[in-house]
2 protein chains.
Amino acid sequence: MFKLDSRLERDTIALASLPLCELLLMNDANYPWIILVPRRICLRELVELSDTDQQQYFLESNAVAKLLQSQFDAYKLNIAALGNMVEQLHIHHIARFKEDVAWPKPVWGAVPAVAYGKDKLGEVIELIYAGLTMDSGLEMSWLDS
Amino acid sequence: MFKLDSRLERDTIALASLPLCELLLMNDANYPWIILVPRRICLRELVELSDTDQQQYFLESNAVAKLLQSQFDAYKLNIAALGNMVEQLHIHHIARFKEDVAWPKPVWGAVPAVAYGKDKLGEVIELIYAGLTMDSGLEMSWLDS
């Protein structure tokens, strides 16, 4: 049975279940940072997804990319499957800005994470929710965070 | 007309033209590091590829992933579209090893690049060529590097 990696669970807020992926928000107010985790067991690499799952992954990744552009006005997207620390396949989708704390460097290890305050978190969740439900056409169940 | 970004041109060795992407080898002997650049103009993000191009991109990305696994015995793949420094859409495909110089950190900015010596470069190109022609089923023209 699929079980989210414990480190991802600790570092993120689970927001929604998309048809293939769990949608997590990294608990780091430095950047709007969404992580997609396909609900498949024992996968470490994108290339290990079946063809059908890859197609679905791309739909969900596109939806997240578009919402980071439309709702957060991202200057640049950083999309990455690294997994050197957490082996469970997970794909980072990060909205970057010329004025963010790590720009133009990649975010990993750049500065310590800043946990969201309650108000800011609510605001970010609302933007993500609006972006996903308006544009994506994806069926999803929204998790009560 | 498509023109490769000048920084990518400077930092890499162009190896092959796949149906959608130019296949470049980063001139950094620290890691087997391939960059795919879709031959489309004015694109900055994966989400800007047409549906057809996305499908083709995934075929080519999978082929590169598989060759990094089969020919270089990668412990982990790092696949990333960042583009904070070079705006032209390009996607990194890097073979990572527990004993590489940056492990487990991401490679960007970790240590200075080490240019390939001639022998090592020939060896790496041969491995890439063998991996692509054996497994990928992709049509390609091989560039005379």
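Residues numbered from 1 in each chain as written. Chains lettered and ligands numbered in written order. Predicted model: local features only at pLDDT ≥ 70, side-chain atom pairs only at ≥ 80, totals over all residues.

Re the overall build of chain A
Inclusion rule: Going along the chain from the N terminus, every DSSP run of H or I of four or more residues is numbered as a helix, and every run of E of two or more is numbered as a strand. Both definitions apply: the radius of gyration is a C-alpha atom measure, and the globule rule equals 2.2 Å times residues to the power 0.38. Residue burial is a threshold on neighbouring C-beta atoms within 10 Å of the residue's own C-beta, all placed from the backbone, with 20 or more meaning buried, 12 or fewer meaning exposed, and counts in between meaning partly exposed. Contact between residues is assigned whenever the C-beta positions, reconstructed from backbone atoms, fall within 7 Å.
Across its full length, chain A carries three helices and six strands. Listed N to C, the secondary structure of chain A is α-β-β-β-α-β-β-α-β in terms of helices and strands. Radius of gyration (C-alpha) of chain A: 14 Å, near the 15 Å computed for a compact globule of 145 residues. Its C-alpha atoms give chain A principal-axis dimensions of about 40 × 35 × 25 Å. Split into buried and exposed, the 145 residues of chain A put 38% on the buried side. Pairs at least 24 apart in sequence give 60% of the contacts found in chain A among residues at least 6 apart.

Brief notes about the confidence of the model for chain A
The cut-off we apply is this: As a per-residue quantity, pLDDT reports the predictor's confidence and falls between 0 and 100.
For chain A, mean pLDDT is 95; residues scoring 70 or higher make up 98% of the total. The ipTM for the predicted assembly is 0.95, set against a pTM of 0.96.

Overview of the relation of the copies chain B and chain A
To keep things clear, this is the line we draw: Residues below a pLDDT of 70 in either copy are left out; the C-alpha atoms of the rest, at least 70 in both, set the least-squares superposition of the copies.
Take chain B, turn it by 180 degrees, move it 0.0 Å along the axis, and it overlays chain A with an RMSD of 0.0 Å. Both copies are brought into coincidence by an operation consistent with a two-fold rotation axis. The position closest to the rotation axis in chain B is occupied by the C-alpha of Ala80 of chain B, lying 2.0 Å away. Take the interface residues of chain B: 100% of them recur as interface residues in chain A, which is what a same-surface contact looks like.

Concerning the interface of chain B and chain A
To keep it simple, the criterion reads: Ten residue types, Ala, Val, Leu, Ile, Met, Phe, Trp, Tyr, Cys and Pro, are classed as nonpolar, four, Asp, Glu, Lys and Arg, as charged, and the remainder, Gly among them, as polar. Note: two strands are recorded as paired if DSSP finds a minimum of 2 bridges between them.
In this assembly, 25 residues from chain B lie in contact with 25 residues from chain A. Of the residues in the side of chain B that touches chain A, the class split is 14 nonpolar, six polar and five charged. The pairing of strand S4 (residues 76–81) of chain A with strand S4 (residues 76–81) of chain B spans three bridges and is classified as antiparallel. What sits directly across from Ala81 of chain A, in S4 of chain B, is Ile79 of chain B.

A look at the pairing of strand S2 (residues 21–26) of chain B
Residue and element names in this part refer to chain B. Along S2, six of the six residues are buried, which leaves the element largely enclosed by surrounding structure. Across the two faces of S2 the burial is the same, with Cys21, Leu23 and Leu25 and Glu22, Leu24 and Met26 all buried. Strand direction decides the pairing type here: strand S1 (residues 12–17) and S2, joined by five bridges, are antiparallel. Bridge pairing in S2 places Thr12 opposite Met26. Hairpin connection, S1 to S2: the antiparallel pair is bridged by three residues. Across five bridges, the pairing between S2 and strand S3 (residues 33–38) is antiparallel. Residue pairing for S3: Cys21 is matched across the bridge by Pro38.

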